[in-house]
Structure formats: C-alpha cells, structure tokens
Amino acid sequence: MSTFLYYADIFGVIVFALSGALVAGRYRLDPFGVMVLAAVTAVGGGTIRDIILGVPVFWTVQVEYIIIIFFTSIFTIFLIREPRLVPRRFMLIADAFGLALFAVLGTHKALINDQTILTAIIMGTITGVAGGMIRDIICNQIPLILRKEIYATAALLGGSLYVALSYIGWSEYLAGLVAMLGALILRLVGIYWNVSLPAFKFDDELNG
C-alpha cells in the first residue's frame, strides 16, 4: 500500500471511530461502550472483508489501529462533553468521509489480492458500509444502507471509479484521490440536498 493510501486508511479509522463514539454518547453509553461502538464502526467492515478474502485481519497485525481507536474514543469522551448537542449533520459528514475512504481502500485491497473487478467493488462496498451497519444494529436503528438515503451507492461509485482509473493507468494516488472525492461528493449531495433513491413501499391493506 502506498503512503497516501496508508494515511487515508488511518484517517478513515479516525473519522469512523469518531462517528461511533458520538453515537455512543448520544445513547449515554459508559466508556467501555463508547470504545466498543467506536471499534466496530471503524474496523467492522475491514474485518468482514479480510475474513472473506482469507487474509489476516488487518488490525490483528497492525496494532496501531486499535491504539488510534482507543485515543479517538478518549478524545471524544473528554472533549465533547455533550454529544447530544453535536448536530446530526456533523455526524453524517464524518460518516461520509469514512465511507468514501474505506470504499476505495477496500477495493484496492481486494485487487492486490487477485480478486476480480466485481469482487473488488463488492469488497470495497462492504468495507465502507458494514461497520456503520453493525453500529446502527447495536443501537437498535435501521442501518443507513437499508434506508432510501444515498449510502451504498456512494461506496459503489468510489470502488468503480478506482477500478476504472486504475485500469487506464492512473497512479494509486490519483486514482484513489479522485475515487474518494467522487464517493464523498455523492454522499454529501445526498446529505445536503436530501437526494435519495426511491423507497419501495408495499401496503398490504390495499390488497386485503
């Protein structure tokens, strides 16, 4: 992994851990609960990806990820005294950064492990969305990926852009940067302008 992708991965862990810690604060979890929610948000998707790919789970061989999650949790606990006062949009934006970064990084890791293009894009999407899914399920919320918001679509775009740009010969740095920006912009458009996919609705009372 290039230096750019490595530091992008670290930044993704930080913002996803922050997202998980803020959600934990909104539900008034204790410090251990904050760290658990921060951890599953930050590394849940990558863990599932690595298990599927049959490679060592990244945080078990690179201990700095756990240390970063720990200090991000402590930072959130002590410096953000009242997470309920943090605007929901800020939490969504932090989550959007993590989504964009991890979607591209997950796609990259699948490609360097000799996976097909389709599998790589799927692995990127899993990396980007699975941690947030686990976080929301623990908090008894409907995961964002299952709502009509643009979420998984942004991850798919990021992975697809990275594959396409890498195929035509772009460097890891440029392909990764453009793909991450593409996914991030699409997710932010959905947040700021409430752009969403149409929801499927079935009312069985109309058919009774």
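Our structure's up above, just so we're on the same page.
Right, let's walk through the structure included here. Fair warning: this is a prediction, and the values are worked out from it, not measured in the lab.

Calculation rules
- Residue numbers here run from 1 along each chain, matching the order of that chain's written sequence.
- Side-chain atom pairs in this predicted model are given and counted only at pLDDT of 80 or more, local residue features only at pLDDT of at least 70, and totals for whole chains, interfaces and linings cover all residues.
- Remark: hydrogens and water are excluded; side-chain values derive from all non-hydrogen atoms of the structure.
- The way it works is that DSSP assigns letters per residue, a run of H or I at least four long becomes a helix, a run of E at least two long becomes a strand, and they are numbered from the N terminus.
- Here the radius of gyration uses the C-alpha set of atoms, whereas the globule reference equals 2.2 Å times the residue count to the power 0.38.
- Any residue under 20% of the maximum accessible area for its type is buried, any over 50% is exposed, and the rest in between are partly exposed; the area is computed with a 1.4 Å probe on protein chains only.
- By definition in these notes, contact holds between two residues if any of their heavy atoms fall within 4.5 Å.
- Surface exposure here means Shrake-Rupley accessible area, sampled with a 1.4 Å probe, where a residue is shielded only by the protein chains that are shown.
- Neither His nor the chain ends contribute to the count of charged residues, in which Lys and Arg are positive and Asp and Glu negative.
- In this description, the location of a charge corresponds to atom NZ of lysine, CZ of arginine, CG of aspartate or CD of glutamate.
- Buried residues of nine kinds, namely Ala, Val, Leu, Ile, Met, Phe, Trp, Tyr and Cys, make up a nonpolar core once their side-chain atoms join them within 4.5 Å.
- We define a salt bridge as a contact between a side-chain nitrogen of Lys or Arg and a carboxyl oxygen of Asp or Glu at a distance within 4 Å.
- The residues that make up patches have over 30% relative accessible area and no salt bridge, and they are joined within 9 Å when like-charged or within 5 Å when they are Val, Leu, Ile, Met, Phe, Trp or Tyr.
- Working definition: rings of Phe, Tyr and Trp (its six-membered ring) pair if their centres are within 6.5 Å, and the pair is stacked with planes under 30 degrees apart, edge-to-face with planes over 60 apart, and tilted otherwise.
- Helix span, as expected, comes to 1.5 Å for every residue beyond the first.
- Fitting axes to the seven residues that end at a residue and to the seven that start at it, the angle between those axes gives the bend at that residue.
- Axes here mean lines fitted to C-alpha atoms, for a helix over just the part in contact, with angles spanning 0 to 180 degrees between N-to-C directions.
- Put simply, angles under 35 degrees are roughly parallel, angles over 145 are roughly antiparallel, angles from 65 to 115 are roughly perpendicular, and the rest are oblique.
- Helix crossings get a hand from a simple test, with the near helix turned counterclockwise from the far one by less than a right angle marking a left-handed crossing and a clockwise turn marking a right-handed one.
- As a working rule, the residues Ala, Val, Leu, Ile, Met, Phe, Trp, Tyr, Cys and Pro are called nonpolar, Asp, Glu, Lys and Arg charged, and the rest polar, with Gly in that last group.

### Describing the overall build of the protein
Phase 1 of the analysis: A tally of regular secondary structure across the protein gives eight helices and zero strands.
Phase 2 of the analysis: Ordered by position from the N terminus, the helices and strands of the protein form the series α-α-α-α-α-α-α-α.
Phase 3 of the analysis: Taken over C-alpha atoms, the radius of gyration comes to 17 Å for the protein, in line with the 17 Å a tight globule of 208 residues would show.
Phase 4 of the analysis: The dimensions of the protein, computed from C-alpha atoms along their principal axes, are 50 × 45 × 30 Å.
Phase 5 of the analysis: In the protein, which comprises 208 residues, the proportion classed as buried is 48%.
Phase 6 of the analysis: When contacts within the protein are restricted to residue pairs at least 6 apart in sequence, long-range pairs at least 24 apart make up 75% of them.
Phase 7 of the analysis: Of the roughly 10,700 Å² that the protein leaves accessible, carbon and sulfur atoms contribute 69%.
Phase 8 of the analysis: Measuring between centres, the 13 positive side-chain charges of the protein sit 9 Å from its 13 negative side-chain charges.

### Let's talk about the nonpolar core
Phase 1 of the analysis: Ranked by size, the top nonpolar core spans 49 residues in total, and within it Val13, Ala42, Ile69, Leu105 and Met180 carry the most contacts.
Phase 2 of the analysis: Looking at this core, the elements with two or more residues in it are α1 (3–26), α2 (31–53), α4 (64–79), α5 (88–112), α7 (152–167) and α8 (172–192).
Phase 3 of the analysis: Those residues within four positions of Val13 in sequence are excluded, and the remaining contacts are Ala42, Tyr65, Ile68, Ile69 and Phe102.
Phase 4 of the analysis: Counting five residues, the second largest nonpolar core, distinct from the first, contains Val55, Ala110, Ala120 and Met123.

### A short note on the pattern of salt bridges
Side-chain pairs of opposite charge can arise where the charged atoms are in close proximity.
Phase 1 of the analysis: Per the counting criterion, the structure on display carries four salt bridges.
Phase 2 of the analysis: The salt bridge partner of Arg49 is Asp50, with a shortest N-O separation of 2.8 Å. Asp50 matches Arg49 in its accessibility class, with the two residues each being buried.
Phase 3 of the analysis: Between Lys109 and Asp50 there is a salt bridge whose closest N-O contact spans 3.1 Å. Note that Lys109 is positioned in helix α5 and Asp50 in helix α2, a separation of 59 residues in sequence.
Phase 4 of the analysis: Each of Arg49, Asp50 and Lys109 takes part in one network of salt bridges that share partners.

### Observations concerning a nonpolar patch on the surface
Phase 1 of the analysis: Side chains of Tyr167, Ile168, Trp170, Tyr173, Leu174, Leu177, Val178, Leu181 and Ile185 sit close together on the surface and give an oily, nonpolar patch of about 920 Å² of accessible area.
Phase 2 of the analysis: It is α8 that provides the largest number of residues to the nonpolar patch, a total of six residues.
Phase 3 of the analysis: Of note, Tyr167 is situated in helix α7.
Phase 4 of the analysis: What makes Tyr167 exposed here is its relative accessible area of 72%.

### Thoughts on the packing of aromatic side chains
Phase 1 of the analysis: Across all of its chains, the model carries seven aromatic pairs by this definition.
Phase 2 of the analysis: Aromatic pair Tyr192 and Trp193: ring centres 6.4 Å apart, planes at 55 degrees, arrangement tilted.
Phase 3 of the analysis: Given a relative accessible area of 41%, Tyr192 falls into the partly exposed group.

### Here's the deal with helix α6 (residues 117–138)
Phase 1 of the analysis: Compared with the 32 Å implied by 1.5 Å per residue over 22 residues, the 32 Å span of α6 between its first and last C-alpha is a close match.
Phase 2 of the analysis: The sharpest bend along α6 reaches about 35 degrees and sits at Val129.
Phase 3 of the analysis: Just beyond α6, the residue with positive phi is Asn140, at close to 60 degrees.

### Things to note about the environment of Ala130
Phase 1 of the analysis: For Ala130, the position within the fold is in helix α6.
Phase 2 of the analysis: Ala130 gets classed as buried once you look at its relative accessible area, which sits at 8%.
Phase 3 of the analysis: Taking the C-alpha atoms as reference, Ala130 lies 10 Å from Phe102; in sequence the two are 28 residues apart.
Phase 4 of the analysis: Apart from residues no more than four positions distant in its own chain, Ala130 is found in contact with Gly45 and Ile48.

### Section: the environment of Gly158
Phase 1 of the analysis: With respect to the helices and strands, the residue Gly158 is situated in helix α7.
Phase 2 of the analysis: For Gly158, a relative accessible area of 0% corresponds to the buried category.
Phase 3 of the analysis: Counting along the chain gives 103 residues from Gly158 to Val55, while the straight-line C-alpha distance between them is 23 Å.
Phase 4 of the analysis: Discounting residues that sit within four places of it in the chain, Gly158 has contacts with Val104, Ala179 and Ala183.

### Concerning the packing of α5 against α6
Phase 1 of the analysis: The geometry of α5 relative to α6 is characterised by a closest axis approach of 6 Å and an angle of 140 degrees between their N-to-C directions. The angle between α5 and α6 falls in the class oblique. Our pair here, α5 against α6, has a crossing hand that is right-handed. When α5 is examined against α6, the residues Asp95, Leu99, Phe102, Ala103, Gly106, Thr107, Ala110 and Leu111 are found in contact with a partner set consisting of Ala120, Ile121, Met123, Gly124, Thr127, Gly128, Val129 and Arg135.
Phase 2 of the analysis: A per-class count over the contact of α5 with α6 returns nine nonpolar, five polar and two charged.

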